[in-house]
Amino acid sequence: MADKILRWHIAGVLSETGVLDTDVHGDAYRLDKDYQVLDTWLRVKTAPQGLEGAGIQIDINDDGTSIYGEGEEPVLPDNTTEATCDTFSSKNLVLQKESIITLDVDQVGQEYPGKDLVVELYLEKAD
């Protein structure tokens, strides 16, 4: 069970312009203690659409460094409204107290980008 949930919401239709950036819409979190990462959940109200099925790809950064394994960032495939991801860079990844946690949107659907994206990162107090 998660002790803390970091949540980002990007209202409206997504676009690569104005979204592809660290600290999306100014939503950054500074951690109050050490936490182990558990899971990531992505969901949209309206699914992305495209020819290649690539969908929406995000990245969550800890002080500017991705928390996921290289090439294993979360993806919400085309025609899908929710997905989970736990492909973190380490099986027991711990985010340190005072770390700044930010969201990047690296890609959106090609024919329709998707609408009303919510990303949640589930954390558990580290021992």
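Placed above this text is the structure.
Read on for a plain summary of the structure. None of the values given here were measured: they were computed from a predicted structure. (Residues numbered from 1 in each chain as written. Predicted model: local features only at pLDDT ≥ 70, side-chain atom pairs only at ≥ 80, totals over all residues. Heavy atoms only, no water.)

### With respect to the overall build of the protein chain
Part 1 of the reasoning: The helix and strand inventory of the protein chain stands at zero helices and ten strands.
Part 2 of the reasoning: In the protein chain, the succession of helices and strands from N to C terminus is β-β-β-β-β-β-β-β-β-β.
Part 3 of the reasoning: Computed over its C-alpha atoms, the radius of gyration of the protein chain comes to 14 Å, within 12% of the 14 Å expected for a compact globule of 127 residues.
Part 4 of the reasoning: Across the 127 residues in the protein chain, those meeting the buried criterion constitute 41%.
Part 5 of the reasoning: Across the protein chain, contacts joining residues at least 24 apart in sequence account for 82% of those joining residues at least 6 apart.
Part 6 of the reasoning: Surface summary for the protein chain: the accessible area is close to 6700 Å², and the carbon and sulfur share equals 43%.
Part 7 of the reasoning: Between the averaged position of the 10 positive side-chain charges in the protein chain and that of its 26 negative side-chain charges there is a distance of 11 Å. (Helix = DSSP H or I, 4+ residues; strand = E, 2+ residues; numbered from the N terminus. Rg over C-alpha atoms; globule rule 2.2 N^0.38 Å. Buried < 20%, exposed > 50% of the residue type's maximum accessible area, 1.4 Å probe, protein only. Contact = heavy atoms within 4.5 Å. Areas by Shrake-Rupley, 256 points an atom, 1.4 Å probe, with all protein chains shown as cover. Lys, Arg positive; Asp, Glu negative; His and termini not counted. Charge placed at Lys NZ, Arg CZ, Asp CG, Glu CD.)

### Notes on unusual backbone geometry
Part 1 of the reasoning: You will see that Asp63, though not glycine, has its phi angle at about 50°, which is positive.
Part 2 of the reasoning: Along the chain, Asp63 turns up in the loop between β4 (56–62) and β5 (65–66).
Part 3 of the reasoning: Residues other than glycine seldom take positive phi values, yet Asn79 does so here, at roughly 65°.
Part 4 of the reasoning: Note on placement: Asn79 falls in the loop between β6 (75–76) and β7 (82–85).

### Things to note about the pattern of salt bridges
Part 1 of the reasoning: This model, assessed by the stated rule, comprises five salt bridges.
Part 2 of the reasoning: A salt bridge links Arg7 to Glu120, with the shortest nitrogen-to-oxygen separation between them at 3.4 Å. You can see Arg7 sitting in strand β1 (residues 4–13) and its partner Glu120 sitting in strand β10 (residues 115–125), a full 113 residues away along the chain.
Part 3 of the reasoning: Arg43 is the partner of Glu120 in a salt bridge, and the nearest nitrogen-oxygen pair spans 3.6 Å. Linking Glu120 in strand β10 with Arg43 in strand β3 (residues 35–43), this pair joins segments that are 77 residues apart in sequence.
Part 4 of the reasoning: Taken together, the shared-partner salt bridges connect Arg7, Arg43 and Glu120 into one network. (Salt bridge = Lys/Arg side-chain N within 4 Å of Asp/Glu carboxyl O.)

### With respect to the environment of Asp106
Part 1 of the reasoning: Mapped onto the elements, Asp106 comes out in strand β9 (residues 100–107).
Part 2 of the reasoning: Residue Asp106 is classed as partly exposed on the basis of its relative accessible area of 31%.

### Brief notes about the pairing of β10
Part 1 of the reasoning: Of all eleven residues making up β10, eight are buried, and the element is well covered by its neighbours.
Part 2 of the reasoning: Sheet topology places β1 next to β10; eight bridges connect them, and they run antiparallel. Counted as the bridge partner of Arg7 is Glu120 from β10.
Part 3 of the reasoning: Two strands pair when backbone bridges link them, and β3 and β10 are joined in this way by eight bridges, in the antiparallel orientation. Counted as the bridge partner of Trp41 is Glu120 from β10. (Pairing = 2+ DSSP bridges.)

### Here's the deal with the environment of Glu52
Part 1 of the reasoning: Relative to the elements of secondary structure, Glu52 occurs in the loop between β3 and β4.
Part 2 of the reasoning: Distance in space between the C-alpha atoms of Glu52 and Leu121 is 27 Å, their sequence separation being 69 residues.
Part 3 of the reasoning: Aside from chain neighbours lying at most four places away, what touches Glu52 is Asp78 and Gln110.

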